[in-house]
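# Analysis of the macromolecular model
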Amino acid sequence: MMLTLMLSLTFSTCGCCFNNEAFKDHKCVERNLEQNCPVCFEYLFSTTKSIAVLPCGHTIHQHCLSQMRSQFLRSSDPRMLLKAHACPICSKSVCDLSSLWEQIDVEVAAMVMPEEYRDKMLLILCNDCDKTSHAAFHVLAMKCRHCKSYNTRQIREVDPNH
């Protein structure tokens, strides 16, 4: 039997019990503790380590999240900056990256694409809002027209004449 001095709330979908104030906006993911940590693969339901609940509702050991971020941030590949701030399960951003999106806007505007790529259009999927949109191809990143995120992935090339 778990005793607590704070008022807590048990979420029936995910099976987690949290302090009411700390998780007012909690997003339930069904049985999200009945899985392994996506980094170390330890079963989360019986772990004694601290667990982070990401904004998307997925769970991960706090230590594993920190180690994953540190590893990605050490990389010289700029795409790893996005991975450092994304859920390892669903790829949604785990924090507000609007200042990064503004920096990417500046970089994209400053880099003129070669002639053979200027008219190339793609259908992209946004990892943050789960919507698809058309975007002009750019070697740095493609921006979601719905939520303005650069946390996107290419689905396929689109014929610009149709």
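Residues numbered from 1 in each chain as written. Predicted model: local features only at pLDDT ≥ 70, side-chain atom pairs only at ≥ 80, totals over all residues. Heavy atoms only, no water.

Another point: the packing of aromatic side chains. Under the definition given, this model contains two aromatic pairs. Measuring from centroid to centroid gives 5.4 Å for tyrosine 117 and phenylalanine 137, while their planes differ by 45 degrees, and the two rings are tilted. Remark: phenylalanine 137 occurs in the loop between β6 (132–136) and β7 (152–158) and tyrosine 117 occurs in the loop between α3 (98–110) and β5 (121–126); sequence separation between them is 20 residues. By relative accessible area, which is 16% here, phenylalanine 137 ends up buried. When the ring centre of phenylalanine 137 is taken as reference, the NZ or CZ atom of lysine 120 above it lies at 4.7 Å. (Phe/Tyr/Trp six-rings, centres within 6.5 Å; stacked < 30°, edge-to-face > 60°. Helix = DSSP H or I, 4+ residues; strand = E, 2+ residues; numbered from the N terminus. Buried < 20%, exposed > 50% of the residue type's maximum accessible area, 1.4 Å probe, protein only. Lys NZ or Arg CZ within 6 Å of the ring centre and 35° of its normal.)

Right, let's get into the nonpolar core. Leu33, Cys37, Leu44, Ala52, Leu54, Cys56, Ile60, Cys64, Leu65, Met68, Cys87 and Val94 form the largest nonpolar core, which has twelve residues in total. Residue contributions to this core peak at three residues, all from helix α1 (residues 62–74). Core analysis: the next-biggest nonpolar cluster, separate from the first, contains seven residues, Leu97, Ile104, Val108 and Ala141 among them. (Core = buried A, V, L, I, M, F, W, Y, C linked by side-chain atoms within 4.5 Å.)

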